[in-house]
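# Analysis of the macromolecular model
Read off the chains here:
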Amino acid sequence: MLVFALVALVAAVSASGIAYWLNRDAVLTRTQDAALDEFHKSLKDTTGALPRVPSCPDLQGAAHRMADNTQKYHVLLLSPTQGPGTCPAASAPELFTLDVVPKTLRTAVNEKRAVDGANSAPYHLYWQRITKDDTPYLVAGAKVIGGGPTAYMLKSLEPERQDLNSLAWSLGIATALALIGSALLAQAAAATVLRPVHRLAEAAQRWGDGKLETRLEVSGSDELANLSRIFNRTAERLEKRVEELSAREASSRRFVADMSHELRTPLTAITAVTEVLEEEADALDPMIAPAVQLVVSETRRLNDLVENLMEVTRFDAGTARLVLDDVDVADQVTACIDARAWLDAVELDAERGIMARLDPRRLDVILANLIGNALKHGGSPVRVSVRTGEDELLIKVRDHGPGIPEDVLPHVFDRFYKASASRPRSEGSGLGLSIALENAHIHGGEITAANSPDGGAVFTLRLPRGSSPAVGNGDTDPGDAGDDDGKEDPR
């Protein structure tokens, strides 16, 4: 719109300026020619009746006769008279004197030129436009050939200036109206372009919000209409692709959930048998005992893996819920450590009385995974500190091991991620830290991993001290992931 208006303004001003100067030149030329022709004719007729050496009254009468004309100009006659000196005769002595005539004009009028083939007369008629008392005038002069008087004419151009001012105002108003009209036209033209673009932007925004069913109404055959058709075709293909991927993802989740549930029944029977075998391990043949221990440990590992897969399935399906309670964080951390007999290996730095509204079982899962990984894969001592911020609870678990490689840090919370390919079968399932992160997210919190400048890895848990946005009376059991089901630390 701005560019359109500027172009229209330049065009309108240019056209108005050209029109003004053409009309000004035409008006002044017409007025000037008419006055000069009348002055030339009147001078010829009037001076022809004067005696060769006129008296002052004769000149005064001639001046008044010449001033009595349709062009309304004043006359000044200069001529040697019968008495001594020169008699200036003016039709309006109070207005028109010889001092009003520019010196250059007087010099040109009195200059005698040689008569030859290029010049037929010794004297000529000259004119000039001047301004006196803020009023424009046309001044002209001529000397009568053959020793006659010198005559000057003074004509006011005030009517012409008023006409030109009126014309300038009219052109200015026309320019303003043209500018307003061009702005309205530019707005209408811009709207025809910007409205489809705005609809396209809104549709793209709805895409970004996940509303893939969004489509645009298409009309016309211009470039924007073609763009809208391409947008609709792309949206249709993308919607189909997302539906296919969503269906595959849902099928995979159902498969994992069904597989986990189906494995629980035989695992329950196998677990019962392995418990009996473990109780009778001392009475077994020494050749068979190692095999029995291997079966017992692998059965426990498989059982923990199934439980973790079921928990992951709950998070993916969005069925995991919180059961909130007001807990003393120091007591909760102490209970987690004591339940797993880690009191001798963990240093606790937490003041009693720090209260937070959390799900105690899920907090226990988070702490068990973080502390368990620090004990198994870090270096002693493991230190757990509890601090509070603005409406925030901070729990840091730090070990004194070699730390986590920089290229591994972004993946420590990935499911089944293991930094060392030489340890594909470890005690952990590779899901513990990802489950801990999901439990933090469902509280509205976050877990970050970093390396301490003094050595060792630091896991920081941030949880809101108030109620979480994901609150419900869930009946899911997050499981105890702190024994052997913690994700294998990549260190």
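Our structure's up above, just so we're on the same page.
Residues numbered from 1 in each chain as written. Predicted model: local features only at pLDDT ≥ 70, side-chain atom pairs only at ≥ 80, totals over all residues. Heavy atoms only, no water.

## Side note on unusual backbone geometry
The phi angle at Lys-72 is positive, at roughly 60°, despite the residue not being glycine. Mapped onto the elements of the fold, Lys-72 is located in the loop between helix H2 (56-67) and strand E1 (73-80). The class of Lys-72 is exposed, set by a relative accessible area of 69%. In the Ramachandran plot, Asp-134 falls in the positive-phi region, its phi being about 65° despite a non-glycine side chain. Inspection of the secondary structure puts Asp-134 in the loop between strand E3 (126-132) and strand E4 (135-143). (Helix = DSSP H or I, 4+ residues; strand = E, 2+ residues; numbered from the N terminus. Buried < 20%, exposed > 50% of the residue type's maximum accessible area, 1.4 Å probe, protein only.)

## A short note on the pattern of salt bridges
According to the stated counting rule, one finds 13 salt bridges in the structure shown. When the shortest N-O distance is used, the salt bridge between Asp-45 and Lys-41 registers 3.2 Å. Taken together, the residues span about one helical turn, with Asp-45 and Lys-41 both in helix H1 (residues 2-47) at a distance of four residues. Among the ionic pairs, Glu-158 bridges to Arg-161, the shortest N-O distance being 2.8 Å. Here the residue Glu-158 and the residue Arg-161 both occupy positions in helix H4 (residues 158-208), the gap between them amounting to three residues, near one helical turn. Here Glu-158 falls in the partly exposed class, since its relative accessible area comes to 21%. It is possible to trace a salt-bridge network through shared partners that takes in Glu-347, Asp-349, Arg-383 and Arg-387. (Salt bridge = Lys/Arg side-chain N within 4 Å of Asp/Glu carboxyl O.)

## Section: helix H6 (residues 289-317)
The first and last C-alpha atoms of H6 sit 42 Å apart over 29 residues, in line with the 42 Å expected at 1.5 Å per residue. Downstream of H6 by a residue or two, Gly-318 has a phi angle that is positive, lying close to 75°. (Expected span 1.5 Å × (residues − 1).)

## With respect to the nonpolar core
Core analysis: the biggest nonpolar cluster contains 37 residues, and Val-329, Ile-371, Leu-393, Ile-395, Ile-447, Phe-459 and Leu-461 have the highest contact counts within it. Looking at this core, the elements with two or more residues in it are helix H7 (329-339), strand E8 (355-358), helix H8 (360-377), strand E9 (382-389), strand E10 (392-398), helix H9 (432-442) and strand E12 (457-464). Of all hydrophobic cores here, the second largest spans 23 residues; its members include Leu-50, Leu-59, Leu-138 and Leu-157. (Core = buried A, V, L, I, M, F, W, Y, C linked by side-chain atoms within 4.5 Å.)

## A closer look at the packing of H8 against H9
It is the contact of H8 with H9, at a shortest axis distance of 9 Å, that shows an interaxial angle of 145°. Crossing geometry of H8 relative to H9 is assigned as left-handed. Mapping the contact onto sequence places Arg-362, Val-365, Ile-366, Asn-369, Leu-370 and Asn-373 in H8 and Gly-432, Leu-433, Ile-435, Ala-436, Asn-439, Ala-440 and Ile-442 in H9. When its residues are assigned to classes, the contact of H8 with H9 shows eight nonpolar, four polar and one charged. (Axes fitted to C-alpha atoms, helices over the stretch in contact; angles between N-to-C directions. Left-handed = near helix turned anticlockwise from the far one by under 90°. Contact = heavy atoms within 4.5 Å. Nonpolar A, V, L, I, M, F, W, Y, C, P; charged D, E, K, R; others polar.)

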